[in-house]
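Structural characterization, general
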Amino acid sequence: PEQKDYYPSDLDRLVKDEKKNAEEQQIVEEKEAFAKKDSEVNVSGMRTLYDDMLAQDKFYADTISIFHGIAGFKQEVMIKYKNEFKKAVEDYLSECQQLYEMNVKERERLREVIAGADSKSKKLSVEIIQE
């Protein structure tokens, strides 16, 4: 709540700018973390697929302008579609994440088995040579 006829000082503006920059940096870092995780799971681009589709759809703007006169068309239909689409993507991402985690565990177990077999083989080789 700023006072009437209050003019922010340079320090106030700097603090406000720093807060804004910190928030923007946090958003960027979160997006990068999601992108890295998605890349590992091999689902890059799925989180932004809906927005990317609309951005590239040349008929979307025309459809919205045609149906703009019908009250609530965009709000009702597009929001419902967006929610259903986002839920389907989240379900898919969740399933992919589970499969990825299973794959990681399986690979780790394989490494353990190979390391154990290698160790046993080396021990046996040494015993044979010593005989």
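Here the structure is a predicted model, which means the values were calculated and not measured.

Calculation criteria
- Residues numbered from 1 in each chain as written.
- Predicted model: local features only at pLDDT ≥ 70, side-chain atom pairs only at ≥ 80, totals over all residues.
- Heavy atoms only, no water.
- Core = buried A, V, L, I, M, F, W, Y, C linked by side-chain atoms within 4.5 Å.
- Buried < 20%, exposed > 50% of the residue type's maximum accessible area, 1.4 Å probe, protein only.
- Helix = DSSP H or I, 4+ residues; strand = E, 2+ residues; numbered from the N terminus.
- Contact = heavy atoms within 4.5 Å.
- 1 Å grid on protein atoms, 1.4 Å probe; cavity = no way out; pocket = protein on both sides within 12 Å on 5 of 7 lines; lining within 4 Å.
- Points joined across faces, edges and corners; volume = space filled by probe spheres on them.
- Nonpolar A, V, L, I, M, F, W, Y, C, P; charged D, E, K, R; others polar.
- pLDDT = per-residue confidence, 0-100.
- Polar contact = N/O pair within 3.5 Å; in protein donor to acceptor, adjacent residues only side chain to side chain.
- Phe/Tyr/Trp six-rings, centres within 6.5 Å; stacked < 30°, edge-to-face > 60°.

Ranked by size, the top nonpolar core spans nine residues in total: Val 41, Val 43, Tyr 50, Leu 54, Met 78, Phe 85, Val 89, Leu 93 and Cys 96. The greatest single-element share of this core, amounting to five residues, is contributed by helix α4 (residues 73-130). Phe 85 has contacts with Leu 49, Tyr 50 and Met 53, leaving out every residue within four places of it along the chain.

Turning next to the side chain of Gln 97. You can see Gln 97 is positioned in helix α4. On the basis of relative accessibility, which here comes to 18%, the residue Gln 97 falls in the buried class. The residues contacting Gln 97, other than those within four sequence positions of it, are Lys 37 and Val 41.

Moving on to the layout of surface pockets. Reported here for the largest pocket is a volume of approximately 170 Å³. Residues belonging to the lining of the largest pocket are distributed by class as follows: three nonpolar, three polar and three charged.

Moving on, we come to the confidence of the model for the protein. Taken residue by residue, the protein gives an average pLDDT of 84. The fraction at 70 or more is 86%. Mean pLDDT in the protein bottoms out at helix α3 (residues 60-67), which sits at 71, and peaks at α4, which reaches 90.

As for its placement among the helices and strands, Asp 38 is situated in helix α1 (residues 10-41). Here Arg 47 takes part through its side chain, which lies 2.8 Å from a polar atom of the side chain of Asp 38. Dropping the residues within four chain positions of it, Asp 38 is found in contact with Val 43, Ser 44 and Arg 47.

What characterises a pair of aromatic rings is the spacing of the ring centres plus the angle enclosed by the ring planes. A full pass over the atoms with the stated rule returns three aromatic pairs. Taking the centre distance of 6.0 Å and the plane angle of 40° together, the rings of Tyr 81 and Phe 85 count as tilted. Of this pair, Tyr 81 and Phe 85 both sit in helix α4, four residues apart, roughly one helical turn. Among the residues examined, Tyr 81 registers a relative accessible area of 40% and is labelled partly exposed. The structure contains a cluster of three or more aromatic residues connected by ring pairs, namely Tyr 50, Tyr 81 and Phe 85.

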